[in-house]
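The residues making up each chain are set out below.
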Amino acid sequence: MKKKVLSLFLAASMTAALLSGCGSSGSGSAASTAAPAAETEAAAAGTESAEAASTEAPAADAAAGGTVVIDRTLDSEILDPVMTANNCDIWVLNMMVEGLVTSSDDGQEIIPAVADKWDVSDDNLTYTFHIRDGIKFSDGNPVTAEDCVYSVQRAKDAEGPWLGMLDMVDTIEDGGDGTVVIKLKEASPSFLSALAMFDCGILEKSYCEEVGDDGLAEKPIGTGPFMLQEWTKGDRMVFVKNPYYWEEGKPLVDEVDFDVVTDDNTAIMQLESGQVDAVSAVPYARLAELEAADGITVTKFDSTDVRFILINCQGQYTSDKKVRQALALATDKAAINTAVFAGEAQLAETFLAPAIPYSYQDLPASTVDTDKAKELLADAGYPNGFSITVQVGSGDTAVLQIATLLQQQWAAIGVTLDIQQIDLATARQNWKDGNYDVFISNMTSDMTDISELAGLVTIADQAHCWRTYWNDEDQQKAEALTAAGNAEMDETKRADDYKQMQEIMADAVPLIPLCYVPFTFAASDKLSGYSQTPLGIYNFKNMSKAE
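Note that residues are indexed from 1 along each chain, following the sequence as it is written. Totals for whole chains, interfaces and linings use every residue, but because this is a predicted model, local features are given only for residues with pLDDT of at least 70 and side-chain atom pairs only at 80 or more, for both listing and counting. The side-chain figures draw on all heavy atoms in the structure; neither hydrogens nor water molecules are used.

Could you clarify how one ought to interpret the overall build of the chain in this entry?
Runs of E in the DSSP output that reach at least two residues are strands. Runs of H or I that reach at least four are helices, and both are numbered from the N terminus. When its secondary structure is counted, the chain shows 16 helices and 23 strands. Per-residue burial over the chain gives 60% buried out of 547 residues. Calculation of accessible area relied on Shrake-Rupley with a 1.4 Å probe; when residues are assessed, cover is drawn exclusively from the protein chains displayed. Total accessible area computed for the chain in this model is approximately 20,100 Å², and 46% of it derives from carbon and sulfur atoms. Relative accessibility decides the category of a residue: with a 1.4 Å probe and only protein chains considered, values under 20% of the type maximum give buried, values over 50% give exposed, and everything between is partly exposed.

Spelled out as structure tokens, the structure:
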């Protein structure tokens, strides 16, 4: 069969190498900030929209049933929706757990899930969600309003990575007749997007109370198309179809197995030999090889994944904005894209990928200017440069490549970059604690709205500005603009708030955006109907496997 390459960049063109669905802490070109009437229309039409972005079916006779085996490089760690911040957890968690609402496959709309419709009051403060008739958890028990109230309240109150995401919520109540009523403190353009996040997944209250937080972290029970049957830590996760799934006839396959294969060469050999059906997160340098192989389809899904260099804004040298600006001017993003991402990435000027609403892509393109960079260092009092360190987790090849290139590039302006390869967990902890000079990381979005990532990077109380510990006059201006945008219902005004915020970021340089990269997925041509949203969520309910 002739090889086929599918590029599903759904927008104009964040992870788990580190922590979240937010990418490092961890998660659409159009914002889900339309007027309530538009939201209700989306509720009516949601299911078709969710299915529209799946891959073209290869020319094979697909059949229902069967087992699909997928290699991935990392195992999951914790499956409690309110406590995990890892993409390798979040992306499979969404196979099991659904919220009252969810996001469409293109990451642009909020569509029905556990609730099949919702009403919004004229003042945009009261949302009434109607629980889908007959919907059950994967253990066969019916979903009740009590379960929904419990789950959303738990997400709001949990002292976890997503604390604050539902701050706009005032009360969550059983409205009777199979409804859940959520009242807001003030109108919020991002509320539905926040509610669609995995941490608001509807869980069975009695089960959660029976197994406790530890049990939930090992095996959540939700309403998604699959349920977890077996988990051998560090080796394999086995998901089987949920026999009570509300969407009739879905999922199509009986089982999806995720095998942990840390060596890329091994994973690719297993795919080429037919031992496995797919490989998730294919190394960019290997895409051309797989694109040329018979019987394999390579898909580049549009993503919200941005790679960047975090700078400690409290560092001895890097606390000075001129120093940070100099480092940015000495960074050759195009060379990094070519060497590390095989030219598959799009160069970045803002930390927000084009697939995220209100990403401002008209910032001036950065150029390498070592003379200007040297001038800035001299103005900052470092005419002879200085030495700083970057910590790289052992075995993180891509980050080591970037660090090595930066070492060469920054040497041109007199900055010595000392590369320290240490345990990945230690490197992450040092980043969290602010014990670093620069740190190479990435971020993905978990929601169809800008507010999550904008807040994490600019609001000091949320995550210390994504652990850059940026805290000066520029930061305060950026935080005020983000706060204004997060509460603004007028889309034009909201766009302007975020535009100004991104302009401040580009000048202050608490981080250096490098590039936006697609999600890569290579699969046997026997598979069809699979997709991955810009938020990273796997949609395998429409996936089938030919005999």
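From this point, the discussion proceeds with the structure in view.
Whenever I open this one, the packing of aromatic side chains confuses me. Can you help?
The description of two aromatic rings rests on the distance between their centres and on the angle between their planes. Whether two aromatic rings pair depends on their centres lying within 6.5 Å, for rings of Phe, Tyr and Trp, where Trp uses its six-membered ring; planes under 30 degrees apart make the pair stacked, over 60 edge-to-face, and the rest tilted. Taken as a whole and judged by the stated rule, the model has 22 aromatic pairs. When the centroid spacing of 5.1 Å and the interplanar angle of 15 degrees are considered together, the rings of Tyr538 and Phe540 count as stacked. The exposure class of Tyr538 is buried, given its relative accessible area of 7%. In this structure Phe540 comes out as buried when scored by relative accessible area, which is 3%. Each member of the aromatic cluster is reached from another via a ring pair, and the members are Trp91, Phe239, Phe258, Phe519, Phe521, Tyr530, Tyr538 and Phe540. Throughout this description, the term charge over a ring refers to an Arg CZ or Lys NZ atom that lies within 6 Å of the ring centre and within 35 degrees of the ring normal. One cation-aromatic arrangement involves Arg72 over Phe258; the distance from NZ or CZ to the ring centre is 5.1 Å. Sitting over the ring of Trp246, Arg132 keeps its end group 3.7 Å from the ring centre.

Please explain unusual backbone geometry as it appears in this structure.
For residues that are not glycine, phi is negative in most cases, and the peptide bond is trans in most cases. A cis geometry characterises the amide bond from Lys250 onward to Pro251, with omega recorded as -5 degrees. One non-glycine residue, Asn124, adopts positive backbone phi at about 60 degrees. Its identity is not glycine, yet Trp466 carries a phi of approximately 55 degrees, on the positive side. Here Trp466 lies in helix H14 (residues 460-467). Looking at Trp466, the relative accessible area reads 1%, which means it is buried.

Honestly, the pairing of strand S7 (residues 126-131) in this entry has me stumped. Any pointers?
Along any regular strand the residues' side chains alternate between the sheet's two faces. S7 sits mainly inside the fold: five of its six residues count as buried. For two strands to count as paired, DSSP must find a minimum of two bridges between them. In the sheet, strand S6 (residues 115-120) pairs with S7 via five bridges, with the strands oriented antiparallel. Across the sheet, the residue bridging to Val120 is Tyr127, located in S7.

Looking at this model, I keep getting lost on the environment of Tyr358. Mind explaining?
For Tyr358, the position within the fold is in the loop between strand S15 (346-347) and helix H10 (370-379). Look at Tyr358 and you get buried, because its relative accessible area is 15%. The spacing of Tyr358 and Asp449 is 91 residues in sequence and 8.6 Å in space, taken between C-alpha atoms.

Would you mind showing me how to read the pattern of salt bridges here?
Working definition: two side chains of opposite charge can pair if their charged atoms are close together. Here, a salt bridge means any Lys or Arg side-chain nitrogen found within 4 Å of an Asp or Glu carboxyl oxygen. If you walk through the whole model with that rule in mind, you get 21 salt bridges. A salt bridge links Glu146 to Lys205; the shortest N-O distance between them is 2.9 Å. Of the two residues, Glu146 is situated in helix H3 (residues 145-157) and Lys205 in helix H5 (residues 205-218); the sequence distance between them amounts to 59 residues. A relative accessible area of 46% places Glu146 in the partly exposed class. Ionic pairing is found between Glu349 and Lys333, a salt bridge with its closest N-O pair at 3.4 Å.

So yeah, pure geometry; function would need other evidence.
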